[in-house]
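Descriptive analysis of the structure
In case you want the letters, here they are:
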Amino acid sequence: VASEFESIAKSPSGIVAAIENKKRRIYGVQFHPEVTCIDLNGREMERGWRERERGERRERGEKRERGEKREREGRREREGSLERGNKRERERDEEREERKGEREEIKGERGEERERRRERGEEREERKGE
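Notes on the structure follow. (Residues numbered from 1 in each chain as written. Predicted model: local features only at pLDDT ≥ 70, side-chain atom pairs only at ≥ 80, totals over all residues. Heavy atoms only, no water.)

**Focus on a positive patch on the surface**
Convention followed: Residues qualify for a patch when their relative accessible area is over 30% and they have no salt bridge, like charges being joined within 9 Å and the nonpolar side chains of Val, Leu, Ile, Met, Phe, Trp and Tyr within 5 Å. To measure how exposed things are, a 1.4 Å probe is used in the Shrake-Rupley method; for residues, cover is taken only from the protein chains shown. One speaks of a salt bridge when a side-chain nitrogen belonging to Lys or Arg is within 4 Å of a carboxyl oxygen belonging to Asp or Glu. Counting rule for charge: Lys and Arg are taken as positive, Asp and Glu as negative, and neither His nor the chain ends is counted. By convention, charge coordinates are those of NZ in Lys, CZ in Arg, CG in Asp, or CD in Glu. Helical segments are the DSSP runs of H or I of at least four residues, strand segments are the runs of E of at least two, and each set is numbered from the N terminus. Per-residue accessibility, obtained with a 1.4 Å probe over protein chains only, is compared with the maximum for each type, and a residue is labelled buried under 20%, exposed over 50%, and partly exposed between these values.
On the surface, a cluster of positive charge is made up of Arg 99, Lys 100, Arg 103 and Lys 107. Considering the arrangement of structural elements, one finds Lys 107 in helix α1 (residues 42-129). You can call Lys 107 exposed: its relative accessible area is 57%.

**Quick notes on the pattern of salt bridges**
Taken as a whole and assessed by the stated rule, the structure comprises 13 salt bridges. Residue Glu 59 pairs with Lys 63 through a salt bridge whose shortest N-O separation is 3.7 Å. Highlighted residues: Glu 59 and Lys 63, both in helix α1, separated by 4 residues, approximately one helical turn. The exposure class assigned to Glu 59 is partly exposed, which follows from its relative accessible area of 44%. On the accessibility criterion, Lys 63 (46% relative accessible area) is partly exposed. For Glu 89, the salt bridge goes to Arg 92, with nearest N and O atoms at 2.9 Å. Of this pair, Glu 89 and Arg 92 are both found in helix α1, 3 residues apart, which corresponds to roughly one turn of the helix. Here Glu 89 falls in the partly exposed class, since its relative accessible area comes to 34%. The class of Arg 92 is partly exposed, set by a relative accessible area of 38%. A network of salt bridges, in which partner residues are shared, links Glu 89, Arg 92, Asp 93 and Arg 96.

**Details of the pairing of strand β1 (residues 6-10)**
Test applied: Two strands qualify as a pair provided that DSSP identifies no fewer than 2 bridges between them.
When β1 meets strand β2 (residues 16-21), the two strands line up antiparallel, connected through 4 bridges. In the strand pairing of β2, Glu 6 is matched with Glu 20.

**Describing a negative patch on the surface**
A surface patch of like charges, here negative, comprises Glu 91, Glu 94, Glu 95, Glu 98, Glu 102, Glu 105 and Glu 109. With respect to the helices, strands and loops of the structure, Glu 95 is situated in helix α1. On the accessibility criterion, Glu 95 (44% relative accessible area) is partly exposed.

**A closer look at the sheet that holds β1**
Hydrogen bonds along the backbone pair up the strands of a sheet, which may run parallel or antiparallel. Convention followed: Between the N-to-C directions of two axes lies an angle of 0 to 180 degrees, each axis being a line fitted to C-alpha atoms and, for a helix, fitted only over the stretch in contact.
Pairing in this open sheet of 3 strands is antiparallel, and the strands run β1-β2-β3 from one edge to the other. Looking at strand neighbours, the two that pair on one side only are β1 and β3 (26-29), the edges of this open sheet. Recorded for the sheet is a direction-independent mean angle of 20° between the axes of neighbouring strands. By the bridge criterion, 4 bridges tie β2 to β3 in an arrangement that is antiparallel. The residue bridging Ile 19 from the neighbouring strand is Gly 28, located in β3.

What follows is the structure, encoded as structure tokens:
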């Protein structure tokens, strides 16, 4: 048997009857229906192989589904984190705009006050000149 294969079944006399390469999922069966030492008929043996393959396929599918589920959960978590970050950023922007508006309002009030003082000053000068 080649080094990358493993013997998984032998005849009562020790002759290799089945091999597998788990990594590449390759199987080989040496079956001769005329051999009398085999107590199974060919159909039963084939059914056993098919059941084994279905079981392994089902197991791989379940592993893939678990991996996909973890990926979906991770994606949701990242999206949720991003959304929370975006929400905080929007709130900060709104607060900045609000403070900016308050500052502009204060500047506007100060400007109006200065304008009033200037006008009063001009009125005083006019009174002095009369």
